[in-house]
Amino acid sequence: MLLEALGSVLLGLALSWAAARHLPDRLPARRVVFTTGPAGALFGAYVTHAALGPGHFLATLLGAVAIGAVLLSLLIRPSTRRLRRAFPF
């Protein structure tokens, strides 16, 4: 369980770094991004471990990456250009 937690935090940091590097203008402050990634991955590891039980190390890390990526995607703001509406009411 300790290795799953450590691995999920490291994977969350890697996800945060990749998101901050590729989308710097569409994300909030770096502190928020680098906090949300590991926290989301740790929560994902907890949920996956609770659902699958012990003995599923790779599946737990995969669940941690998935939930960490989902939480990071919630931080993305829309691009600066305006979108046109199909029906201008």
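For the structure, see preceding data.
A few points on the structure. The residue numbering used here restarts from 1 in each chain and proceeds along that chain's sequence as written. Reporting in this predicted model follows two pLDDT cut-offs: at least 70 for local features of residues, and 80 or more for side-chain atom pairs to be given and counted; totals over whole chains, interfaces and linings ignore these cut-offs and use all residues. Excluded from the side-chain calculations are hydrogens and water; all other atoms, namely the structure's heavy atoms, are used.

Regarding the overall build of the protein
Secondary structure summary: the protein contains 3 helices and 0 strands in total. When the helices and strands of the protein are listed from N to C terminus, the series reads α-α-α. A 1.4 Å probe rolled over the protein chains alone gives each residue an accessible area, and that area as a share of the maximum for its type sets the label: buried under 20%, exposed over 50%, partly exposed in between. When burial is assessed residue by residue, the protein has 29% of its 89 residues classed as buried. For this analysis, residues touch if any pair of their heavy atoms sits within 4.5 Å. Sequence separation of 24 or more characterises 69% of the internal contacts of the protein that already satisfy a separation of 6 or more. Under the DSSP-based scheme used, a helix requires at least four consecutive residues in state H or I and a strand at least two consecutive residues in state E, with every element numbered from the N terminus.

Let's talk about helix H1 (residues 2–22)
Given the number of residues in a helix, its expected span is that number minus one, multiplied by 1.5 Å. Helix length check: H1 (21 residues) gives 30 Å between terminal C-alpha atoms against 30 Å at 1.5 Å per residue, within 8%. Among all positions in H1, only Glu4, Gly7, Ser8, Gly12, Ser16, Ala19 and Ala20 are buried. Summarising the contacts, the buried residues of H1 are in contact with helix H2 (30–52) and helix H3 (57–73).

Here's the deal with the nonpolar core
In summary, soluble globular proteins display a tendency toward joint burial of nonpolar side chains. Grouped together as the largest cluster of nonpolar side chains are 6 residues: Ala19, Ala20, Leu27, Val33, Leu72 and Leu75. Beyond its immediate sequence surroundings of up to four residues, Leu72 is in contact with Leu15, Ser16, Leu27, Val33, Thr36 and Gly37. Side-chain atoms within 4.5 Å link the members of a nonpolar core, which is a set of buried Ala, Val, Leu, Ile, Met, Phe, Trp, Tyr and Cys residues.

What to know about the packing of H2 against H3
Interaxial angles span 0 to 180 degrees and are taken between N-to-C directions of axes, which are lines fitted to C-alpha atoms, for helices over the stretch in contact. In contact at an axis separation of 7 Å, H2 and H3 are set at 140° when each is read in the N-to-C sense. Overall, the two elements H2 and H3 adopt an arrangement that is oblique. H2 and H3 meet at a crossing whose hand is right-handed. Contacts from Val33, Thr36, Gly37, Gly40, Ala41, Phe43, Gly44, Ala45, Thr48, His49 and Leu52 in H2 reach Ala59, Thr60, Gly63, Ala64, Ile67, Gly68, Leu71 and Leu72 in H3. Each angle is binned into one of four classes, with values under 35 degrees roughly parallel, values over 145 roughly antiparallel, values of 65 to 115 roughly perpendicular, and all other values oblique. Each crossing gets its hand from how the near helix is turned against the far one by less than a right angle, where anticlockwise is left-handed and clockwise is right-handed.

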